[in-house]
Amino acid sequence: MIETRKLNTQPALKRPDDFYNALVDMHRELNEEQSQLANAKLILLLANHIGDEEALEEALKIAAEGLG
Amino acid sequence: MLQTHQNPVYEYARSPDQDAATPVHHPLIVVGAGPVGMAAGLDAATQGIPAVILDDNNTVSVGSRAVCYAKRALEILDRLGCGQRMVDKGITWNLGKVFFRDDQVYSFNLLPESDHHRPAFINLQQYYLEEYMVNQIERSPQLDLRWKSRVIAVQDEDDRVRIRVETPEGEYSLTCDYLVVADGANSGIRKMMGLESSGQVFQDRFLIADVVMESDFPPERWFWFDPPFHKGGSTLLHRQADNVWRIDFQLGWDADPEEEKKPENVIPRLKAMLGEDTRFDLEWTSVYTFQCRRMDRFRHGRLFFVGDAAHQVSPFGARGANSGFQDTDNLLWKIKLVLEEQAPDSLLDSYDTERVPAADENILNSTRSTDFITPKSKVSHIFRDATLLLAEEYPFARSLVNSGRLSVPSVYRNSPLNTPDTEIFDSPMQPGTPSTDAPVNDDAWFLQQIANNRFNGLYFSQSAGSLNSDEQAILSNLASDSPVPLNLLVVDLDPAASCPAGVAPIRDSKGLLKQRFDGRPGTFYLFRPDQHVSARWRQLEPKKVAQALARATGRS
Ligand SMILES: Cc1cc2nc3c(=O)[nH]c(=O)nc-3n(C[C@H](O)[C@H](O)[C@H](O)COP(=O)(O)OP(=O)(O)OC[C@H]3O[C@@H](n4cnc5c(N)ncnc54)[C@H](O)[C@@H]3O)c2cc1C
């Protein structure tokens, strides 16, 4: 597990099931390639909204943790 | 193919040095008469150092190569006496446009601030740039440019450098105090000395086509990602002098360079881009690949590597010649002070300390641009396209689009020559920064006033229009006691106000000096001969100025 200083890893969504469903739903009509593009756009939008480079770096680390 | 330009042929001429019984000694020899070697020679001459420039060829750059010269490069060329000719011949532009597939994604202005002498960029064929530099060299009695003179051996002896030169009439030797090595990306001297330049080779090929056409495309930089006329690749369009337009097509690694540059293959690409009915003549085609790499160090004893010999970047961002000019801008005033024993040899180490990080900055920027333009993996391709798709409508994504981060001069932020700020300034002109410009006097520019190859001081007096007796005494002592040549400028002195010897008034005609330097009363800036800020204070204190001068010349 990676300790974070800036990134909130505690529950923050008021309706987590709704968001999760919307996320998966976004891809329903999309083919593989479109899905990847949508994910990438989503990441860019959210990263800009967060705007805190340190928090983003922590998120990048956690995302890749244990994978490569 | 049509030719709008004929490369001049410069005659080889026998030098009296070739008949000397023992090798003739020169303070400075420059190897290579590319843009950077010639800038070194011209800089030496403006500093008052006679120099010999040796080139193995007998003409300027052939065909289409560098196009874009940045504001800072023009300011340096101004100091060397040939900036105006380039601006007159070149195409001035500040605006860039980026397209993705069928749509314009956004545009950017590289010089959002007005009232600078030089524009963000001009476009000019490299052969013109070099030709004008040759002409300028020919005018200088201090300079001796020898064509068809290839340096074939270099020996760094303790107190001098010995070189061997090959000419059509045989070989001869020369010695010098310092050798400036500007022999280009494949530097033979680097290899002779067993030195390396290491970095990254990019697996991509670009086709260059220069076409002559009458067109009403505006003078802007247009960059297409994945355009309908060149699917899957990128394309760049620049207008150059003489109605010559430069087009770069990304081809991919598997393209066959010999096939691709044949007119019968280039013309269909151009027609797809420019329209079937557009009339144009093809002037030049070539295919290039590129690398980003640098030497570990640029100073090796009495040898100084500059330009492409020292560092090489991909063309995106136009950071090649532009950064090479900053190398010689940085180096020559230091060599001058050391040759005249006004500064210790260690000052020359600061060439390395300042220009190596600058090269890293250029390599980093051009590598990132290259990665954006030619994504290396599927996922980076997806992020690239996602960014471009968002950029058309969502401003945040525009800052992520990277079609080349165009050359800006490096700030020597951590240089040991700087005297760090101890006070607060509302101006980005921190120590290490190349000075900004502003209109001054009648139709003149600030940078012209500090292009005298000396240290310069800029003072905003305590009370507007005049200097009190303390200020006069301090300034006059500074001017007379300085261990290195120092000119002093006082902002907005009344014509009638008394002005001590060695001090000149400067009129802040639009109030922009004050604004750009945050020139509150009492503020003093010290500039190095290369126009970088060396120190600044809110109050004029002679001791501090003396210390800063000592630091900036490697004496403390
Ligand atoms: C496609 C392309 C586009 C570019 N676009 C830009 C741009 O827009 N803006 C920009 O700033 N830069 C650009 N560049 C980079 C620019 O062309 C180079 O950075 C620049 O030419 C480097 O100048 P130089 O003097 O260091 O070396 P060079 O121009 O390579 O000159 C070296 C000289 O040394 C001579 N020489 C070599 N060996 C010896 C020897 N042993 N003895 C004597 N002479 C010798 C050679 O004949 C040559 O004249 C571009 C480059 C390419 C390829």
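Here, every reference points to the structure presented above.
Scoring rules and cut-offs
Residues numbered from 1 in each chain as written. Chains lettered and ligands numbered in written order. Predicted model: local features only at pLDDT ≥ 70, side-chain atom pairs only at ≥ 80, totals over all residues. Heavy atoms only, no water. Contact = heavy atoms within 4.5 Å. Buried area = accessible area lost by both parts, 1.4 Å probe. Salt bridge = Lys/Arg side-chain N within 4 Å of Asp/Glu carboxyl O. Polar contact = N/O pair within 3.5 Å; in protein donor to acceptor, adjacent residues only side chain to side chain. Core = buried A, V, L, I, M, F, W, Y, C linked by side-chain atoms within 4.5 Å. Buried < 20%, exposed > 50% of the residue type's maximum accessible area, 1.4 Å probe, protein only. Helix = DSSP H or I, 4+ residues; strand = E, 2+ residues; numbered from the N terminus. Domains from an automatic or database assignment. Expected span 1.5 Å × (residues − 1). Near = heavy atom within 4 Å. Nonpolar A, V, L, I, M, F, W, Y, C, P; charged D, E, K, R; others polar. Axes fitted to C-alpha atoms, helices over the stretch in contact; angles between N-to-C directions. Parallel < 35°, antiparallel > 145°, perpendicular 65-115°, else oblique. Left-handed = near helix turned anticlockwise from the far one by under 90°. Pairing = 2+ DSSP bridges.

## Some points on the interface of chain A and chain B
Reports often express the size of an interface as the amount of accessible area lost when the parts come together. Contact with chain A, which involves eight residues of that partner, is made by 10 residues of chain B. With both sides pooled, the region where chain A packs onto chain B buries about 900 Å², and carbon together with sulfur makes up 85% of that total. Per-residue buried area on chain A facing chain B is highest for L37, K41 and L44 of chain A; these three make up 51% of the total on that side. Between chain A and chain B we count zero salt bridges in total. For the pair chain A and chain B, the interface holds zero residue pairs in polar contact (both at pLDDT 80 or more).

## Focus: the nonpolar core
Residues and elements named next belong to chain B. L28, M133, I163, L179 and F325 are the most contacted members of the largest nonpolar core, which totals 99 residues. The element that contributes the greatest number of residues to this core is helix α8 (residues 320-339), accounting for eight residues. The residues that make up this core include at least three from each of domain 1 (16-90 + 122-196 + 293-365) and domain 2 (439-552). Ignoring sequence-local partners within four residues, the contact set of L179 consists of I29, V31, V154, V161, I163, R302, L303 and F304.

## A look at helix α1 (residues 35-47) of chain B
All names here are of chain B. Over its 13 residues, α1 runs 18 Å from end to end, which matches the ideal 18 Å to within 8%, given 1.5 Å per residue. Of all 13 residues that make up α1, 12 are buried, and the element is covered over most of its length. Those residues of α1 that sit buried are P35, V36, G37, M38, A39, A40, G41, L42, D43, A44, A45 and Q47. Phi for G48, located one or two positions after α1, is positive at around 90°.

## Observations regarding the site of the ligand
Residues and elements named next belong to chain B. Not every one of the 30 residues close to the ligand is listed here, only the nearest: D55, D56, C68, D308 and N322. The separation between an oxygen atom of the ligand and a polar main-chain atom of V36 is 3.0 Å. Here a nitrogen atom of the ligand and a backbone polar atom of V151 are 3.0 Å apart. Listing elements by their share of the shell around the ligand, those giving two or more residues are α1, β9 (150-157) and α8. In terms of residue class, the shell around the ligand is made up of 14 nonpolar, nine polar and seven charged.

## Re the packing of α1 of chain B against α8 of chain B
How two helices sit against one another is set out by the angle between their axes and by the gap between those axes. Residue and element names in this part refer to chain B. Contact pair α1 / α8: the axes reach a minimum separation of 9 Å and the direction vectors enclose 30°. Taken together, the axis directions place α1 and α8 in an arrangement best described as roughly parallel. With respect to the hand of their crossing, α1 and α8 are arranged in right-handed fashion. Here P35, V36, A39, A40, D43, A44 and Q47 of α1 lie close against α8, whose contacting residues are G324, F325, T328, D329, L332, W333 and K336. Counted by class, the contact of α1 with α8 contains eight nonpolar, three polar and three charged residues.

## Observations concerning the sheet that holds strand β4 (residues 91-93) of chain B
All names here are of chain B. In space, the three strands of this open sheet follow the order β3-β7-β4, with antiparallel pairing throughout. Among the strands making up the open sheet, the edge pair consists of β3 (68-70) and β4. Between one strand and the next, the sheet's axes are offset by a mean angle of 30°, whatever the strand orientation. Note that β3 and strand β7 (residues 121-123) share three bridges and pair antiparallel.

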